[in-house]
Structures are given as C-alpha cells and as structure tokens.
Amino acid sequence: MIKVLVCGALGKMGANIRELLSDDGEAKAVCGVDPRGDKSGEFPVYPSFAEVKEDVDVIIDFSSPAALAGELEYAVNTGVPVVLASTGYTPEQLADISAASEKVAIFRTANFSLGVNLLCELVKKAAETLGEKFDIEIVEKHHSQKVDAPSGTALMLAESANSAFGGSKPYMNGREGIVGKRGNEIGIHAVRGGTIVGEHEVLFCGEDEIVALSHSARSKKVFAAGAIKAAKWLAGKKAGHYDMKDLLGDVL
C-alpha cells in the first residue's frame, strides 16, 4: 500500500484526493499538511512539513506556491517524491523545483487530465500542419476563486503550439486600447466567473476558416484522479523531473 501525504489536505482539491483515496486499493492518505491544521479527522493534518511524524511514500500537493519551500526541504531531506499539482510558481520557485529534482523525484504538470494532455498533442500537430498562415488564440475559463492568470494549462497549450515554431512566438495576455494590427504573437485570454471548473479552447484563425480545439472539465475529480495515478507511478522512482508525457509513455 502506497502511503500518501496530502499537501493542502483541507482545501477543495484536498477533499477530492481524500475521497478518492478512501476507496483506493493501492494507495491511502496517512497524513496531510495544511496551514489550518486538524488532527480530528481520518488522519492527522499538520500546519507545516516540519511537524510531520508519519513515514510516507509520496506527496500529492494541490495547495499553493506558498507551501513550496518547506515541501521541497522536506522532500530532499527524506527522499520522498513529490507530485506538484499547484500552478502560479514564480521563475525563482521553478528554479528551486529544478534544483530539487536533482536529488528527489518530482512530477509536475499544469494539468493532470488525460484529455488535456491529448489536447496538447493535437494543438502541436495542428500548429505544425497549419503553419504561419493561421493566427493562434487561446481562451481559458475558470471559477471566480482562481488566483493566477493565465492558467498553467493555457501556458502549456501555448508552449505546445509554439514548439512548432521553435518557441519563436511571443505571448500576449489579453488586449486593451489601440494595440495596432495583430503581430506574430499567440494571444491568451482569461475568463473568471462562477463555478467554472476549467475550459480551454485553442483557435487557429486563417483566411476564411477557423479550426477550434477545446477541452471542458465538468468536475475537479478528473484532476484528483490524475494526480493519484501520477503518485502511484512516481513512488519509488529515482531523482528527476517528470511530467505527464513520462507517465503516459509507460501506461499507454
């Protein structure tokens, strides 16, 4: 049985992880970390990683970038691999993640949905096929409580499209005022409202035709299930920086 530490255990995504693990025959949550702390539930939840007492096999983190420093210190010191499911990391934090991955296994992707990762491959293929004659615009929609924009998934889709052009296209986050004619950019637009789980659409706009590729998540459980799958796959892996392509390469 794989023993899981849930970072952000008292949040909404933490609740989804706990629910799915409660019926899982291969992994179980044995403790959590959350600033609020709570030892009255099905397993102890500590305010910080420094207080964790249990032996664990892997961490699943659906919290926020604020937890990263203590998490990486704990992971490196204990050798426990980490599944990072948060977004909004700063360039400095991404550098810290990269450095830590030289000492412990770290799995990080902007989106744990199988459908979204398939969408990335389709976007790359479309960009390669349609080429420079088609303008690329990305529209992402999320709930009103999401704090970062654009979404990590939107940036992942932009990178997939841009890989067809050697990464040469700049990104433009929204437009306002008299911005002049469209250039060579990839446009990225963020919508925030209500309880939208997550919707992403990539538009390839050419002369007299538009190709649209999209994905819509109807429940956050799809992301929780993907993170658990990643955690099972990552447990026991040697140090390195892994993502969904590594996992899918093994299971598909």
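Computed from a predicted model, the values in this text were never measured in an experiment.

## Here's the deal with the sheet that holds strand E8 (residues 171-173)
Pairing in this open sheet of five strands is mixed, and the strands run E8-E9-E7-E10-E11 from one edge to the other. The strands lining the two open edges of the sheet, one partner per strand, are E8 and strand E11 (209-217). Along the sheet, successive strands turn relative to each other by an average axial angle of 15°, direction set aside. In terms of strand pairing, E8 meets strand E9 (residues 186-192) through three bridges, oriented parallel. Pairing of tyrosine 171 across the sheet is with isoleucine 186, part of E9.

## Describing the packing of helix H2 (residues 68-78) against helix H3 (residues 91-100)
Axis separation between H2 and H3 bottoms out at 11 Å; the angle between their running directions is 5°. Our classification of the angle between H2 and H3 gives roughly parallel. In this structure, H2 uses Leu68, Leu72 and Val76 to contact H3, whose residues at the interface are Gln93, Asp96, Ile97 and Ala100.

## Notes on the nonpolar core
If you look at the biggest cluster of nonpolar residues, it comprises 33 residues, and the most contacted ones within it are Val4, Ile17, Leu21, Ile60, Phe62, Val83 and Phe107. Secondary-structure elements contributing two or more residues to this core are strand E1 (2-7), helix H1 (12-22), strand E2 (27-33), strand E4 (58-61), strand E6 (105-108), helix H6 (221-234) and helix H7 (244-251). Broken down by element, this core gets its largest block of residues, eight residues, from H6. Counting 22 residues, the second largest nonpolar core, distinct from the first, contains Tyr46, Val56, Ala75 and Val82.

## Considering the pattern of salt bridges
Side chains that differ in sign of charge can pair as their charged atoms come close. Tallying each qualifying case throughout the model produces twelve salt bridges. Lysine 221 is paired through a salt bridge with glutamate 19; the nearest N and O atoms lie 2.9 Å apart. Of the two residues, lysine 221 is situated in helix H6 and glutamate 19 in helix H1; the sequence distance between them amounts to 202 residues. On the basis of relative accessible area, lysine 221 is assigned to the partly exposed category, the value being 33%.

Parameters and conventions
Residues numbered from 1 in each chain as written. Predicted model: local features only at pLDDT ≥ 70, side-chain atom pairs only at ≥ 80, totals over all residues. Heavy atoms only, no water. Pairing = 2+ DSSP bridges. Helix = DSSP H or I, 4+ residues; strand = E, 2+ residues; numbered from the N terminus. Axes fitted to C-alpha atoms, helices over the stretch in contact; angles between N-to-C directions. Parallel < 35°, antiparallel > 145°, perpendicular 65-115°, else oblique. Contact = heavy atoms within 4.5 Å. Core = buried A, V, L, I, M, F, W, Y, C linked by side-chain atoms within 4.5 Å. Buried < 20%, exposed > 50% of the residue type's maximum accessible area, 1.4 Å probe, protein only. Salt bridge = Lys/Arg side-chain N within 4 Å of Asp/Glu carboxyl O.

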